[in-house]
Amino acid sequence: MKKWLAIFIVSVNLLLISPAVFSDNTVAIDSTAAGFNQFAFQIFQHVNQQNKNIVLSPYSLASVLAILSSSTAGDTQQQLLHLLHIVPQTKNVNSVLKAIDTSIQYQTPCNTFWICTKKHVQNWLGLASDTAVVTANALWAQTGLHYKKAAVEKINALGNVEFKEVDYTRNSDQVRQLINDWASAKTAGKIKELMPAGQPDKLTRLILINAIYFKGNWQYPFKTADTSAAPFMNEDGQTIQVSMMQQQHTFRYSENEAVQLLEMPYAHVNLAMVLLLPKPKHTLNEITKKLNNTYFFNLLNAANDSAVDVKLPKFTLSASYNDLKTTLQDLGLTVLFSPLQADFSALTQQSLYVDNIIQKTYLAVDETGTTAAAATATTLFGTAFHPPKIFHADHPFILVIYDRVSKIILFTAKVADL
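Fair warning: this is a prediction, and the values are worked out from it, not measured in the lab.

Calculation criteria
Residues numbered from 1 in each chain as written. Predicted model: local features only at pLDDT ≥ 70, side-chain atom pairs only at ≥ 80, totals over all residues. Heavy atoms only, no water. Helix = DSSP H or I, 4+ residues; strand = E, 2+ residues; numbered from the N terminus. Buried < 20%, exposed > 50% of the residue type's maximum accessible area, 1.4 Å probe, protein only. Contact = heavy atoms within 4.5 Å. Areas by Shrake-Rupley, 256 points an atom, 1.4 Å probe, with all protein chains shown as cover. Core = buried A, V, L, I, M, F, W, Y, C linked by side-chain atoms within 4.5 Å. Salt bridge = Lys/Arg side-chain N within 4 Å of Asp/Glu carboxyl O. Phe/Tyr/Trp six-rings, centres within 6.5 Å; stacked < 30°, edge-to-face > 60°. Lys NZ or Arg CZ within 6 Å of the ring centre and 35° of its normal. Pairing = 2+ DSSP bridges. Arc of directions from axis to C-beta. Polar contact = N/O pair within 3.5 Å; in protein donor to acceptor, adjacent residues only side chain to side chain. Axes fitted to C-alpha atoms, helices over the stretch in contact; angles between N-to-C directions. Parallel < 35°, antiparallel > 145°, perpendicular 65-115°, else oblique. Left-handed = near helix turned anticlockwise from the far one by under 90°.

Draft legend 1. Expanded view of the overall build of the protein chain. Of the regular secondary structure elements, the protein chain holds 11 helices and 15 strands. A buried classification covers 55% of the 418 residues belonging to the protein chain. A separation threshold of at least 6 residues defines the contact pool for the protein chain, and within that pool the share at least 24 residues apart is 79%. For the protein chain, the accessible area works out to roughly 18,000 Å², and carbon and sulfur atoms hold 52% of it.

Draft legend 2. Spatial organisation of the nonpolar core. Among the nonpolar cores identified, the biggest contains 112 residues, and Phe39, Leu65, Phe296, Leu312, Leu328, Phe397 and Leu399 are the most heavily contacted of them. At nine residues, the largest contribution of residues to this core is made by helix 1 (residues 26-47). Sequence-distant contacts of phenylalanine 296, defined by excluding residues within four places in its chain, comprise Phe41, Val274, Leu276, Leu291, Val400 and Ile409. Judged by nonpolar contacts, the second largest core, of 15 residues, contains Tyr168, Trp182, Ile191 and Ile209.

Draft legend 3. A look at the pattern of salt bridges. With the rule as written, the count across this model stands at seven salt bridges. Salt-bridge contacts for aspartate 173 lead to arginine 176; the nearest nitrogen and oxygen are separated by 3.9 Å. Of this pair, aspartate 173 and arginine 176 both sit in helix 7 (residues 168-186), three residues apart, which is roughly one turn of the helix. Residue classification places aspartate 173 among the exposed positions, given a relative accessible area of 54%. Of the residues examined, arginine 176 reaches a relative accessible area of 10% and is grouped as buried. One salt bridge connects glutamate 286 with lysine 290, and the closest N-O pair in it is separated by 3.5 Å. Here glutamate 286 pairs with lysine 290, and both are found in helix 8 (residues 284-290), just four residues apart, close to one helical turn. Salt bridges sharing common partners tie together Arg252, Glu263 and Arg404.

Draft legend 4. Spatial organisation of the packing of aromatic side chains. The full count for this structure, using the stated rule, is 11 aromatic pairs. Each ring, one from phenylalanine 36 and one from tyrosine 59, has its centre 6.2 Å from the other, and the planes form 50°; the classification is tilted. A residue pair is termed long-range when its members are at least 10 positions apart, and phenylalanine 36 in helix 1 and tyrosine 59 in helix 2 (residues 58-69) qualify at 23 residues. Considering the side-chain rings of tyrosine 220 and phenylalanine 251, the 5.8 Å spacing of their centres and the 75° angle between planes classify their relative orientation as edge-to-face. On the criterion of sequence distance, the pair formed by tyrosine 220 in the loop between strand 5 (204-215) and strand 6 (228-233) and phenylalanine 251 in strand 7 (residues 239-255) is long-range, its members being 31 residues apart. Given the relative accessible area of 14%, tyrosine 220 is considered buried. Of the aromatic side chains, those joined through ring pairs into one cluster are Phe41, Phe296, Phe297 and Tyr402. In this structure, lysine 164 packs its charged tip against the face of tryptophan 140, placed 5.4 Å from the ring centre.

Draft legend 5. Region of the structure containing the environment of lysine 389. Relative to the elements of secondary structure, lysine 389 occurs in strand 13 (residues 389-392). Note on lysine 389: relative accessible area 36%, which makes it partly exposed. For the pair lysine 389 and serine 306, spaced 83 residues apart in the sequence, the C-alpha separation amounts to 7.2 Å. Setting aside anything within four residues of it in sequence, one finds lysine 389 in contact with Tyr253, Ser306, Ala307, Val308 and Asp309.

Draft legend 6. Molecular detail of the pairing of strand 6. In this structure, strand 6 lies alongside strand 7, joined through six bridges in antiparallel fashion. Bridge pairing links alanine 230 to valine 242 in strand 7. Taking the residues between adjacent antiparallel strands as the criterion, strand 6 and strand 7 are bridged by five residues, where glycine 237 takes a positive phi near 95°.

Draft legend 7. Highlighting helix 3 (residues 74-83). Within helix 3, burial applies to Thr76, Leu80, Leu81 and Leu83. One side of helix 3 holds all its buried residues, which, seen down the axis, span an arc of 165°. In helix 3, those exposed residues whose orientation departs by more than 90 degrees from the buried face are Asp75 and His82. Looking one or two residues beyond helix 3, the residue adopting positive phi is histidine 85, at roughly 60°.

Draft legend 8. Fine view of the pairing of strand 14 (residues 397-403). Strand 14 sits mainly inside the fold: seven of its seven residues count as buried. Burial along strand 14 is two-sided: Phe397, Leu399, Ile401 and Asp403 facing one way and Ile398, Val400 and Tyr402 facing the other are all buried. Here strand 14 folds back onto strand 15 (residues 409-415) in antiparallel fashion, the turn holding five residues, of which lysine 407 has a positive phi close to 70°.

Draft legend 9. Spatial organisation of unusual backbone geometry. One non-glycine residue, histidine 85, lies in the positive phi region at around 60°. If you trace the backbone, histidine 85 turns up in the loop between helix 3 and helix 4 (93-105). Given the relative accessible area of 30%, histidine 85 is considered partly exposed.

Draft legend 10. How the structure looks around helix 9 (residues 293-301). Within helix 9, the full set of buried residues consists of Asn293, Tyr295, Phe296, Phe297, Leu299 and Leu300. Between the side-chain oxygen of the N-cap and the backbone nitrogen of threonine 294 there are 3.1 Å, and the N-cap of helix 9 in question is asparagine 292.

Draft legend 11. Seen up close, the side chain of asparagine 48. Looking at the secondary structure, you find asparagine 48 in the loop between helix 1 and strand 2 (54-56). At 2.9 Å, the side chain of asparagine 48 forms a polar contact with the side chain of asparagine 285. Apart from residues lying up to four places away in sequence, asparagine 48 is in contact with Ile54, Asn285, Thr288 and Lys414.

Draft legend 12. A look at the packing of helix 2 against helix 3. Contact geometry for helix 2 and helix 3: axes closest at 9 Å, N-to-C directions at 150°. Taken together, the axes of helix 2 and helix 3 lie roughly antiparallel to each other. In the packing of helix 2 onto helix 3, the handedness of the crossing is left-handed. Of helix 3, the residues touching helix 2 (which contributes Leu65, Leu68 and Ser69) are Gln77, Leu80, Leu81 and Leu83.

Just distances and angles here, no functional claims.
Structure below.
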């Protein structure tokens with residue numbers, strides 16, 4: 001009898017952080033990032049619904065599928081690689097994924113006198129930036145399934161996937177608690193109960209989990225005193241009052257006939273949030289349909305430093321996508337979910353297939369920046385002789401959080417209803 005493989009993805013974001021350092025495999029990283037990003041916009045378009053918010057971590061989902069590809073063979077593997085737009089020349093997808101994960105989680109080392117002194121002084125004064133970034137993967141495998149030694153060694157050698165053997169057949173409830181504790185620990189307690197009662201069950205054989213937790217701070221934080229009530233028109237046309245943050249600063253900005261783009265960086269890192277705001281007479285759905293890797297980066301690459309008058313609402317969004325199986329099937333990934341066709345022979349001779357893929361996400365945006373970042377955010381308004389660009393996000397918009405070095409997109413969201 002075929003058994004099913006459950007995949008759960010936990011993605012938590014509180015204003016992201018991500019300095020990047022890469023290996024010499026730059027070409028493979030660039031092509032993989034481009035492929036993942038194309039997948040990011042495709043899945044964003046497929047889950048889009050009128051008047052509905054979106055919070056997705058396409059990188060989290062792509063990571064899980066990329067890791068899964070190394071345990072599959074034949075048509076199953078080919079469909080996975082095709083879905084992620086991974087070129088055939090990329091021989092070891094997991095190694096590239098590990099390089100990207102390492103770059104995202106990289107923290108500036110205390111390797112010089114001045115850097116160490118600065119960190120010690122910040123800690124002593126209580127000014128250390130409250131930043132964290134975690135990406136973690138765990139494969140929870142039924143003990144006794146006779147996994148191929150070479151496959152397990154390959155997983156363990158990568159260092160970005162924990163291989164854990166558990167007993168679903170006898171202790172499924174205990175395994176549930178272990179998995180929930182792991183997910184909670186990796187997401188700083190934001191996801192306390194990933195798996196509800198009754199999951200997993202005795203028929204479960206493998207669970208693959210990817211967790212992403214980011215917490216960071218604006219490079220140029222908003223002042224709480226400048227936040228005030230202001231109108232925001234939801235996608236359904238209803239106007240409500242929201243807490244609207246505001247500031248004037250120099251940011252990277254561009255626009256075309258339909259949309260304004262604003263890039264807002266995070267402190268001391270290579271990560272930034274990009275906001276896409278439709279112009280009058282243009283709708284969010286219109287922009288969403290056009291949005292792909294080329295459209296996005298053409299607009300982003302055209303951005304220049306400009307004085308910008310920014311208004312951005314405070315908001316907290318969360319989402320659960322409990323049937324990504326259907327979305328992925330619509331995008332062409334079919335054999336992975338077929339009891340008769342799924343091929344996991346690279347990992348085990350046990351017949352397996354994927355029953356479903358789930359993602360849970362959380363996104364909070366507010367005025368916060370680190371105290372140290374706020375103390376150094378003293379750049380003067382750089383274009384005093386020219387009127388600032390006006391970027392008032394008082395109607396629905398799209399946001400993308402990406403790493404400016406690797407160009408990898410980590411989060412996408414549509415703010416349609418506050």
